[in-house]
Amino acid sequence: MATFSTNEFRGGLKIMLDNDPCSIIENEFVKPGKGQAFNRVKIRNLKTGRVIERTFKSGDTVEGADVVDRDMQYLYSDGEFWHFMVPDTFEQYQADKNAVGEALKWLKEQDMCILTLWNDSPLSVTPPNFVELAITETDPGLKGDTSGGGGKPATLETGAVVRVPLFVQIGEVIKVDTRTGEYVSRVKE
Amino acid sequence: MRLLRRRAQLLADIRLFFADRAVLEVETPLLCGATGTDPNLDFFSSQFHHPPQDKTYFLQTSPEFAMKRLLAAGSGSIYQICKAFRNGESGRLHNPEFTILEWYRVGFDLEQLMAEVVDLLVTLLASDRSELSVHSCSYRQIFTEITDLDPLSFDRRHYRQAAAEHGLAEANALCGNDHAVWLDFLFSHLVQPSMPKQAICLVFGYPAIQSSLARINAGDPRVADRFEVFIDGMELANGFFELNDVVEQETRFEREMAYRHSHGLAPVAKDALFLDALKAGLPVCSGVAMGLDRLLMVAQGHDAIDRVLAFPFDRA
């Protein structure tokens, strides 16, 4: 794998740090007029999701991390692994619970996701920004109540729980923003 | 456009300030036959083609040597507004080409010059940053307050511990046994961010190992007669009670040249014309250099140097 100098550090660059793959968020050049130059770098550990700050001497090099994002279709879960497929090549990948993480509650079979691969094995799963899921459980609401206030919890077919307006019923399909976990709208069949 | 006008106003105000005080505006070459030896300043160089002559010239990293040659020739107090160039320096607060205001006051000691710097800043920023307060403290005081370390004596174990306690464990590997690098690291990572906000902060009495071109203090050889100015924690200006001892100057050049050699940095020669001027006699004087682009950032409330340049480096 290539190495990168601190001068090449840009947001999104993937590097190895303390044996973990990381993504650079921000790189600040710090140099006193008459002193040593440093780079203060904000870095996300792609395994743990934690953000740390680390300083390098300007010009130091670090090893790049073989991390790529690929669009894949979610196929099914066997309880232990979640299986995904690259549509055009039919290559299949299995991600463990750790890699699937929070995406778990939004995954519906056939939906397209982004898999982040490190050395060709799944590191994390990013669900689509918007998913359409059916409601399996919610309190009966008042039909015709379109007022914005209030709302109620609703359980979706994937197990996720979101707040929905009172008029939304069991069996209806709704659109949810997975980044915020918020209800967007009803989906007309 | 507002920015162009603000810059023009700043330059006009500076010229008025110095005209009032009978300080002479001068110009010296940007393209110079010699350059400084400071290992932390990388330079741009260029070839002069004039067969059979073929000589290397350097874009100045600061006008210091040339202005001191004028002082030695009897110019009296002088100032200059010019471009300076530092290779490899690019970032939120750095553009490789930037505008410097540098001035020298004959007969001034450091304290007098610091007072004049404050006068100038207060005058220049009266229209947009009149709320700024002024603080002054010694390097040792502010450094110890924040890190609990003595900047004048180096004990790596203590330095390492203090860095680790502040979540900067990597400092140990980066700085090793180099006291000056440790000071740069801790000052920029811990001290500067903790400086008072909305304030002009003058820090004087730098450790002697960071004397650069300043005199060693007559009363305490552990500190140099050097000060820096920070606004909201950003380094803005650097001033010296100027070293005028040619023997000491030559020793410092040689030390820096040896450091360059041992660290694989580009070799540079001593500036002979500058040393000649020191030999002829530099009057007792203090001098300071101020980054005008950063001053504009302060005036306009911008946090990146690119925002105050008509054409930043990537579009130069």
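Please read these numbers as outputs of a predicted model, since none were measured by experiment.

Draft legend 1. Layout of the overall build of chain A. Within chain A one finds 1 helix and 16 strands. For 189 residues, the compact-globule estimate of 2.2 N^0.38 gives 16 Å, and chain A exceeds it by more than 25% at 22 Å. Referenced to the eigenvectors of the C-alpha coordinate spread, the extents of chain A come out at roughly 70 × 40 × 25 Å. In chain A, which comprises 189 residues, the proportion classed as buried is 43%. Accessible area of chain A: about 10,100 Å², with a carbon and sulfur share of 47%. In chain A, 22 side chains carry a positive charge and 29 a negative one; their mean positions are 8 Å apart.

Draft legend 2. Spatial organisation of the nonpolar core. Residue and element names in this part refer to chain B. Residues Leu101, Trp103 and Met290 are the most contacted members of the largest nonpolar core, which totals 42 residues. Element by element, the count of residues in this core is highest for helix H3 (residues 110–124), at 8 residues. When residues no more than four places from it in sequence are discounted, the contact partners of Leu101 are Ile14, Phe18, Tyr79, Gln80, Ile81, Leu120, Val288, Ala289, Met290 and Leu292. Counting 27 residues, the second largest nonpolar core, distinct from the first, contains Tyr139, Tyr159, Val181 and Val203.

Draft legend 3. Main features of the side chain of Arg6 of chain B. Its location among the elements puts Arg6 of chain B in helix H1 (residues 2–20). Apart from the residues lying within four places of it in its own chain, the contact partners of Arg6 of chain B are Leu124, Ser127, Asp128, Leu296, Ala299 and Gln300 of chain B.

Draft legend 4. Examining the pairing of strand E5 (residues 78–85) of chain B more closely. Residue and element names in this part refer to chain B. Across the 8 residues that make up E5, a large majority, 7, are buried. Summarising the sheet, strand E1 (residues 24–25) and E5 pair through 2 bridges and their orientation is parallel. Bridge pairing in E5 places Leu24 opposite Ile78. Note: E5 against strand E6 (residues 97–106), 8 bridges, orientation antiparallel. Considered in E6, the bridge of Ile78 is made with Tyr104.

Draft legend 5. Representation of helix H9 (residues 272–281) of chain B. Residue and element names in this part refer to chain B. What H9 keeps buried is the set Phe274, Leu275, Ala277 and Leu278. Taken down its axis, H9 places every buried residue within 155 degrees of arc, on the same side. Exposed residues on H9 whose side chains face more than 90 degrees from its buried face are Lys279 and Ala280. Taken together, the buried residues of H9 touch helix H2 (64–72) and helix H8 (246–262). Capping the start of H9 is the job of one residue whose side-chain oxygen sits 3.2 Å from the backbone nitrogen of Leu273: Asp271.

Draft legend 6. Summary view of empty space enclosed by the protein. Counted under the stated rule, the structure contains 1 cavity of 30 Å³ or more. In this structure, the largest cavity spans a volume of roughly 430 Å³. Taken together, 31 residues line the largest cavity, and the ones lying closest to its centre are Gly33 of chain A together with Arg86, Phe98, Ile100 and Gly291 of chain B. Those elements that place two or more of their residues in the lining of the largest cavity are E6, strand E10 (234–241), strand E11 (285–291) and helix H10 (292–300) of chain B. A per-class count over the lining of the largest cavity returns 12 nonpolar, 8 polar and 11 charged.

Draft legend 7. Geometry of the sheet that holds strand E3 (residues 45–50) of chain B. All names here are of chain B. Read across the sheet, 3 strands follow the order E2-E4-E3 without closing on themselves; strand pairing throughout is antiparallel. Taken across any chain shown, the strands that pair with only one partner, and hence form the sheet edges, are strand E2 (31–32) and E3. Sheet topology note: the E3/strand E4 (residues 53–59) ladder contains 6 bridges and is antiparallel. Residue pairing for E4: Gln47 is matched across the bridge by Thr56.

Draft legend 8. View of the pattern of salt bridges. Residues and elements named next belong to chain B. Applying the stated criterion to the full structure yields 27 salt bridges over all chains. The shortest N-O distance in the salt bridge between Arg6 and Asp128 comes to 2.7 Å. Placement of Arg6 in helix H1 and of Asp128 in the loop between H3 and strand E7 (133–138) is noted, with a sequence separation of 122 residues between them. Classification of Arg6 as buried rests on a relative accessible area of 10%. Judged by its relative accessible area of 27%, Asp128 falls in the partly exposed class. Measuring nitrogen to oxygen at the nearest pair gives 2.6 Å for the salt bridge that ties Lys68 to Glu242. Of this pair, Lys68 sits in helix H2 while Glu242 sits in the loop between E10 and H8, and the two are 174 residues apart along the sequence. Overall, Glu242 belongs to the buried group, its relative accessible area being 1%. Several salt bridges share partner residues, and in doing so they unite Arg21, Arg105, Glu116 and Asp119 into one network.

Draft legend 9. How the structure looks around the packing of aromatic side chains. Counted under the stated rule, the structure contains 18 aromatic pairs over all chains. Taking 6.0 Å as the distance between ring centres and 80 degrees as the angle between the ring planes, the aromatic pair formed by Phe48 of chain B and Tyr57 of chain B counts as edge-to-face. On the basis of relative accessibility, which here comes to 25%, the residue Tyr57 of chain B falls in the partly exposed class. For the ring pair Tyr159 of chain B and Trp182 of chain B, a centre distance of 5.8 Å and an interplane angle of 90 degrees mean the geometry is edge-to-face. You can see Tyr159 of chain B sitting in helix H5 (residues 156–165) and its partner Trp182 of chain B sitting in helix H7 (residues 179–191), a full 23 residues away along the chain. For the pair shown, Tyr159 of chain B and Trp182 of chain B are each scored as buried. Aromatic rings pair up to connect Tyr139, Phe143, Phe187, Tyr206 and Phe230 of chain B into one cluster. Residue placement shows Lys175 of chain A over the ring face of Phe130 of chain A; its charged tip is 5.0 Å from the ring centre. For Arg215 of chain B, the ring lying beneath its charged end belongs to Phe241 of chain B, and the centroid distance is 4.1 Å.

Rules behind the numbers
- Residues numbered from 1 in each chain as written.
- Chains lettered and ligands numbered in written order.
- Predicted model: local features only at pLDDT ≥ 70, side-chain atom pairs only at ≥ 80, totals over all residues.
- Heavy atoms only, no water.
- Helix = DSSP H or I, 4+ residues; strand = E, 2+ residues; numbered from the N terminus.
- Rg over C-alpha atoms; globule rule 2.2 N^0.38 Å.
- Buried < 20%, exposed > 50% of the residue type's maximum accessible area, 1.4 Å probe, protein only.
- Areas by Shrake-Rupley, 256 points an atom, 1.4 Å probe, with all protein chains shown as cover.
- Lys, Arg positive; Asp, Glu negative; His and termini not counted.
- Charge placed at Lys NZ, Arg CZ, Asp CG, Glu CD.
- Core = buried A, V, L, I, M, F, W, Y, C linked by side-chain atoms within 4.5 Å.
- Contact = heavy atoms within 4.5 Å.
- Pairing = 2+ DSSP bridges.
- Arc of directions from axis to C-beta.
- Polar contact = N/O pair within 3.5 Å; in protein donor to acceptor, adjacent residues only side chain to side chain.
- 1 Å grid on protein atoms, 1.4 Å probe; cavity = no way out; pocket = protein on both sides within 12 Å on 5 of 7 lines; lining within 4 Å.
- Points joined across faces, edges and corners; volume = space filled by probe spheres on them.
- Nonpolar A, V, L, I, M, F, W, Y, C, P; charged D, E, K, R; others polar.
- Salt bridge = Lys/Arg side-chain N within 4 Å of Asp/Glu carboxyl O.
- Phe/Tyr/Trp six-rings, centres within 6.5 Å; stacked < 30°, edge-to-face > 60°.
- Lys NZ or Arg CZ within 6 Å of the ring centre and 35° of its normal.

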